[in-house]
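Architecture and fold: a report
What follows is each chain in one-letter form.
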Amino acid sequence: MLEQANRSLKLKSWLSWSWTYICAVWFAMVLTMIYVLRSPLKLQDTLTSASVFLNTLTPKFYVALTGTSSLISGLILIFEWWYFRKYGTSFIEQVSVSHLRPLLGGVESSTTTGLFSSVNGEAEPRPSVSECKVWRNPLNLFRGAEYSRYTWVTGKEPLTYYDMNLSAQDHQTFFTGDTQQLKTEDTVMQKAWRERNPQARIRAAYQAIEMNHEVEVEVESKTSVFPVVFRCAAAYVLLAEEEATTITEAERLFKQALRSGKREQRVQDQITTGKDINLLVYIKRRLAMCARKLGRIKEAVKMMRDLMKEFPLLGMLNIHENLLEALLELQAYADVQAVLAKYDDISLPKSATICYTSALLKARAVSEKFSPEAASRRGLSTAEMNAVEAIHRAVEFNPHVPKYLLEMKSLILPPEHILKRGDSEAVAYAFFHLQHWKRAEGALNLLHCTWEGTFRIIPYPLEKGHLFYPYPGCTETADRELLPSFHEVSVYPKKELPFFILFTAGLCSFTAMLAMLTHQFPELMGVFAKAFFSTLFAPLGFFADKMESFMPSSFWHQLTRI
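Just so you know, these numbers come straight off a predicted model, no measurement behind them.

1. Observations regarding the nonpolar core
Residues Phe254, Ile283, Tyr356, Leu405 and Trp437 are the most contacted members of the largest nonpolar core, which totals 95 residues. Discounting chain neighbours no more than four positions away, the residues touching tyrosine 356 are Ala394, Val395, Asn398, Val401, Pro402, Leu405, Tyr429 and Trp437.

Written out as structure tokens, the structure reads:
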């Protein structure tokens, strides 16, 4: 079976390879037959009449012809440019690759997977599953208290449907209880998370709370009160996220959700399911974030530390990133360094927060006295070299961040989900950490002087990385789904203009120039056109004369009669 498969693959590859040459031979045969049958088909008379017709045309016709060609090519250019700006590729190229190339026997190329060379030169599969994984933003804002305010002021939606749909899936997965009793509330909350209308979600949450109170009265004498009441906490979570218009009100609802799970004395004994733990961790984390936003930073730091100590296995929730941001606000740089020493490990996944916070600490130590002119004269010291290397490392991990930190691009509200090494992660990091870089005197100046030097270190093309895996090629597509349409997505590496955009631009400019010259100088352009076409068809005439001398037309006439 394996040999037959290999033979079929070889046969298919041979057919694909020979298809081009078969087409070329077929085209040559068609031209030969047309030349052979030129007398019976009266091609000479047809060409003579056509030339007479063209000679009778006025210059206005040529002006209209070239002007129409310029207009059509200009419209194609505008469409191609719009399509490239929106989707990052050429429409004509995409159609030819997706539809025409398979018909011609070609193999469709993959943009998300491929091979890259390892250190020993062998081909290894590029990791394509995890490189474009979407993560929950650890510092995501509150919909009712923050995202909705932006919508009220600007009339723009800061969240995309794809982003909100991912959040709904997260809530259904994390917050739906595992207990087998009284599934009605779970069904209502599952429907609430899936609702697209915010008011419908809020009404469903209130419905779940009312149903839960009715059930609580009936089972009050039993020992299973806690799981029933705790599931109702998901409804309070939804109200805190969606309905609360201020952080204070959101904090009140989160505290009510937390109290609903502590009405029994045996709370810790009753929390046995993973989803109950997820709900408890989520509530405590959001309470810590409320305290951070309300200015009670030390209280927020304590809550985050307790949460990380109580649930050390939930590192994938990235609570340490919340802790790092709060510690930077306190300017407790020694504590920040201690957290980085634990999480900035080679075996742990990286993030922009980890890399850029490490660069900030090293830049802060030298940035106050850093001067580019002095550094160019005396060279970089050891501390300055460490800071520059840390900046290069951070920029290689996410090259989109510096433009936001240096305010070369405008910031927007961060999405609820981010793509590591993508523009969405850069927006989320800069939104919360720009103030910390500004507080460190000279840090942004050092970043401005050194961040572009990273691209001279990264191998080009990007099949290989320097300190990290090669930069994934799927970030642009995922970021366009996560970020709102009014935001200009940052793309790395910068894509060159497709061939068809350059071609249509040249064609439009050339035909417009011909139309203008023909209108201004009709006689001169007529002479030029005749000279051009006579020169263009001179090789064909020479070839026809040689064929005539080699085989006279009478021979071909007798052959066609046979």
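2. Regarding the UniProt feature "transmembrane region" (unreviewed entry) in the protein chain
Within this structure's numbering, the places UniProt gives as "transmembrane region" (unreviewed entry) are residues 21–41, 61–84, 497–518 and 524–544. Regarding residues 61–84, the helix share stands at 100% and the strand share at 0%, and the terminal C-alpha atoms are separated by 34 Å.

3. A short note on the pattern of salt bridges
One pass over the structure, following the stated rule, counts 16 salt bridges. With a shortest N-O distance of 3.5 Å, glutamate 329 and arginine 292 are connected by a salt bridge. Note that glutamate 329 is positioned in helix H15 (residues 319–330) and arginine 292 in helix H13 (residues 274–293), a separation of 37 residues in sequence. In this structure, the salt-bridge partner of glutamate 299 is arginine 296, at a minimum N-O distance of 2.7 Å. Accessibility expressed as a relative area gives 36% for glutamate 299, which makes it partly exposed. Counted as one network, the salt bridges with shared partners bring together Arg143, Arg201, Glu242 and Glu416.

4. Let's talk about helix H5 (residues 143–154)
Two residues of an α-helix separated by three or four positions point the same way, owing to the 3.6 residues in each turn. Looking only at H5, the buried set comprises Arg143, Gly144, Ala145 and Tyr147. Looking one or two places after H5, you find glycine 155, whose phi comes out positive at around 75 degrees.

5. What to know about the packing of helix H17 (residues 352–366) against helix H21 (residues 423–439)
Where H17 meets H21, the closest approach of the two axes is 10 Å, and the angle between their N-to-C directions is 25 degrees. When the interaxial angle is binned, H17 and H21 end up roughly parallel. Crossing of H17 against H21: the hand is right-handed. The residues of H21 that touch H17, namely those facing Ala352, Thr353, Tyr356, Thr357, Ala359 and Leu360, are Glu425, Tyr429, His433, His436 and Trp437. Counted by class, the contact of H17 with H21 contains six nonpolar, four polar and one charged residues.

Quick notes on the rules
- Residues numbered from 1 in each chain as written.
- Predicted model: local features only at pLDDT ≥ 70, side-chain atom pairs only at ≥ 80, totals over all residues.
- Heavy atoms only, no water.
- Core = buried A, V, L, I, M, F, W, Y, C linked by side-chain atoms within 4.5 Å.
- Buried < 20%, exposed > 50% of the residue type's maximum accessible area, 1.4 Å probe, protein only.
- Contact = heavy atoms within 4.5 Å.
- UniProt positions renumbered as here; feature names shortened; annotations may be inferred.
- Helix = DSSP H or I, 4+ residues; strand = E, 2+ residues; numbered from the N terminus.
- Salt bridge = Lys/Arg side-chain N within 4 Å of Asp/Glu carboxyl O.
- Axes fitted to C-alpha atoms, helices over the stretch in contact; angles between N-to-C directions.
- Parallel < 35°, antiparallel > 145°, perpendicular 65-115°, else oblique.
- Left-handed = near helix turned anticlockwise from the far one by under 90°.
- Nonpolar A, V, L, I, M, F, W, Y, C, P; charged D, E, K, R; others polar.

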